[in-house]
Amino acid sequence: MKKTVGWKSAIAASVCRALFIGYCIYFDHKRRSDRSFKNRLREQRNGSEYEKGVDHLTNAIAVCGQPQQLLQVLQQTLPPPVFQMLLTKLPKIRELLSAQSLAEDDVE
C-alpha cells in the first residue's frame, strides 16, 4: 500500500511539472510573438523607471541651494510629461523634508 501511494504522488508531481513547463513554453512563445504584449511591457518598464528618476530629481530639487535654476534646466531637458510628474511630486517632498527638519530640531 505504501509503495502505491509513493508511486502515485511521484506520478502526480511529474504531471504537475510537465504542465508547468508546458505553460512556461506557451507563455514564452506568446511573449516573443505578440507585438502588443511587448509594447505594453516596455511601457510598464519605462513608467516605473520614470517614477524612480522623478523621485531622485525631486529630492535633488528639495535640497538644492538654487532650485529655480535647476527647475529651469530640467524643464528644458526633460520630456513634458516627465516634467509634469516632477512638478506634482514637489509639494509632497517639501512637506516631507520640512517634517524631518522639525523632528531634527525637536531632538536638539
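Just so we're clear, the structure is a prediction, and the values are computed from it rather than from any experiment.

1. Some points on the environment of Met85
Position of Met85 among the secondary structure elements: in helix H4 (residues 80–107). Since its relative accessible area comes to 24%, Met85 is described here as partly exposed. The spacing of Met85 and Glu51 is 34 residues in sequence and 8.1 Å in space, taken between C-alpha atoms. With sequence-adjacent residues up to four places away left out, Met85 is seen in contact with Tyr50, Glu51 and Val54.

2. What to know about the packing of helix H2 (residues 35–63) against helix H3 (residues 67–77)
Angle between the axes and distance between the axes are the two parameters that describe a pair of packed helices. In contact at an axis separation of 8 Å, H2 and H3 are set at 150° when each is read in the N-to-C sense. Regarding the angle of H2 to H3, the classification is roughly antiparallel. The element H2 and its partner H3 pack so that their crossing is right-handed. Where H2 abuts H3, its residues Leu57, Ala60 and Ile61 lie against Pro67, Leu70, Leu71 and Leu74.

3. Examining the UniProt feature "transmembrane region" (unreviewed entry) in the chain
Feature annotation in UniProt places "transmembrane region" (unreviewed entry) on residues 6–26, given in this structure's numbering. Here residues 6–26 runs as 100% helix and 0% strand, with 30 Å between its end C-alpha atoms.

Definitions and limits used
- Residues numbered from 1 in each chain as written.
- Predicted model: local features only at pLDDT ≥ 70, side-chain atom pairs only at ≥ 80, totals over all residues.
- Heavy atoms only, no water.
- Helix = DSSP H or I, 4+ residues; strand = E, 2+ residues; numbered from the N terminus.
- Buried < 20%, exposed > 50% of the residue type's maximum accessible area, 1.4 Å probe, protein only.
- Contact = heavy atoms within 4.5 Å.
- Axes fitted to C-alpha atoms, helices over the stretch in contact; angles between N-to-C directions.
- Parallel < 35°, antiparallel > 145°, perpendicular 65-115°, else oblique.
- Left-handed = near helix turned anticlockwise from the far one by under 90°.
- UniProt positions renumbered as here; feature names shortened; annotations may be inferred.

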